[in-house]
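Topology and contacts: notes
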Amino acid sequence: MVLAQLGGSISRAIQQMSNATIIDEKVLNECLNEITRALLQSDVQFKLVRDMQTNIKKIVNLDDLAAGHNKRKIIQQAIFNELCKMLDPGKPAFTPKKGKTSVVMFVGLQGSGKTTTCTKYAYYHQKKGWKPALVCADTFRAGAFDQLKQNATKAKIPFYGSYMESDPVKIAVEGVERFKKENCDLIIVDTSGRHKQEAALFEEMRQVSEATKPDLVIFVMDSSIGQAAFDQAQAFKQSVAVGAVIVTKMDGHAKGGGALSAVAATKSPVIFIGTGEHMDEFEVFDVKPFVSRLLG
Ligand code: GDP
């Protein structure tokens with residue numbers, strides 16, 4: 001179920017409940033079951049959906065609601081709050097400060113949109129007057145450096161990488177050191193993704209992180225990976241201190257569910273979403289407007 005449909009289904013379920021003359025246990029259950037179905041079809045992890053349903057039932061105790069209370073409003077608010085809670089881990093991500101050097105390391109599987117997102121993130125800040133720089137620490141995929149170089153050149157962002165060196169840790173450290181000397185305030189380290197989750201990849205991420213001591217590690221996830229989102233995000237979180245999530249490919253047929261799973265698995269907020277292949281197809285992610293849109 002794509003994002004727009006998810007929003008439609010949820011608001012329809014709430015509308016149907018609102019149309020009922022009396023809102024009792026049965027009507028509430030029907031509404032929650034509809035929402036559950038919609039979330040599952042959107043690839044939200046089963047456990048998350050089940051917890052949400054339990055929480056709403058706890059909050060909205062129909063017997064305790066005195067007559068005259070607007071039950072519809074209370075239920076709607078509870079659903080809104082629960083969806084927000086699923087997307088908000090409770091603590092904000094580290095925010096780099098302009099003019100002060102920050103190292104931001106990007107991790108994620110190959111094809112997730114990591115290299116594209118590194119450039120988008122750099123470009124976004126450059127437009128706001130920052131001095132970003134890109135380091136290509138992906139020595140695994142042939143062509144990775146060329147891709148980053150091409151993107152960086154297009155955006156006029158300084159970059160560092162090597163065609164010869166095969167040690168990603170060495171390149172990452174050299175790049176970070178160079179750009180620190182050049183007073184860049186946002187040093188972005190792009191890493192390898194390989195093609196599947198494998199021990200060697202996670203060990204490499206651990207080493208690059210240990211050597212470059214990033215202020216923030218961003219996990220990049222393709223929104224179309226479905227139910228795999230939770231395990232994938234968790235696997236990265238177990239290797240490096242993921243502190244934020246960027247969900248890509250939210251354009252087209254994106255499902256929103258993976259985002260909720262990634263937040264739950266990493267206990268980190270989504271900070272941006274990718275909405276296209278171009279450099280400026282990149283948006284700040286804000287929980288409340290996102291959920292408001294879902295609820296229609
Ligand atoms: P990496 O292997 O993780 O570094 O992934 P790339 O950055 O090479 O991206 C893989 C493909 O996804 C490329 O064709 C990108 O243009 C595309 N891509 C990345 N982000 C987005 C996005 O937000 N929307 C769309 N439609 N395509 C994207």
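Please refer to the structure higher up on the page.
Residues numbered from 1 in each chain as written. Predicted model: local features only at pLDDT ≥ 70, side-chain atom pairs only at ≥ 80, totals over all residues. Heavy atoms only, no water.

Before going further, it helps to examine the packing of helix H5 (residues 114–127) against helix H6 (residues 144–155). Close contact between H5 and H6 brings their axes to 10 Å; oriented N to C, the two are set at 20°. Considered as vectors, H5 and H6 are oriented roughly parallel to each other. In this structure, H5 meets H6 at a crossing whose hand is right-handed. Between H5 and H6, the residues in contact are Thr115, Thr116, Thr119, Tyr123 and Gln126 and Gln147, Leu148, Asn151, Ala152 and Ala155, respectively. (Axes fitted to C-alpha atoms, helices over the stretch in contact; angles between N-to-C directions. Helix = DSSP H or I, 4+ residues; strand = E, 2+ residues; numbered from the N terminus. Parallel < 35°, antiparallel > 145°, perpendicular 65-115°, else oblique. Left-handed = near helix turned anticlockwise from the far one by under 90°. Contact = heavy atoms within 4.5 Å.)

So, about helix H8 (residues 199–212). With 14 residues, H8 should cover 20 Å at 1.5 Å per step; its first-to-last C-alpha distance of 20 Å lies within 8% of that length. Among all positions in H8, only Leu201, Phe202, Glu204, Met205, Val208, Ser209 and Thr212 are buried. Each buried residue of H8 sits inside an arc of 155° when the element is viewed along its axis, so together they form one side. Check the buried side of H8 and you find it contacts strand S1 (102–107), strand S2 (132–137), helix H7 (168–181), strand S4 (186–191) and helix H9 (229–239). (Expected span 1.5 Å × (residues − 1). Buried < 20%, exposed > 50% of the residue type's maximum accessible area, 1.4 Å probe, protein only. Arc of directions from axis to C-beta.)

Moving on, we come to the site of the ligand. Taken together, 16 residues sit near the ligand, with Gly111, Lys114, Thr115, Thr116 and Asp251 positioned nearest. A distance of 2.9 Å separates an oxygen atom of the ligand from a polar backbone atom of Gly113. At 3.3 Å from an oxygen atom of the ligand is found a main-chain nitrogen or oxygen belonging to Gly274. Here the ligand has 590 Å² of accessible area as a free molecule, and 80% of this is covered by the chains. Among the residues forming the shell around the ligand, the class breakdown is one nonpolar, 10 polar and five charged. (Near = heavy atom within 4 Å. Polar contact = N/O pair within 3.5 Å; in protein donor to acceptor, adjacent residues only side chain to side chain. Areas by Shrake-Rupley, 256 points an atom, 1.4 Å probe, with all protein chains shown as cover. Nonpolar A, V, L, I, M, F, W, Y, C, P; charged D, E, K, R; others polar.)

Examined against the element boundaries, Gly256 turns out to sit in the loop between strand S6 (242–248) and helix H10 (257–266). Judged by relative accessible area, which is 3%, Gly256 ranks as buried. Taking C-alpha positions, Gly256 is 8.1 Å from Leu6, a pair spaced 250 residues apart along the chain. Filtering out sequence-adjacent residues up to four positions away, Gly256 remains in contact with Leu3 and Ser42.

Shape is all these values report; function is a separate question.
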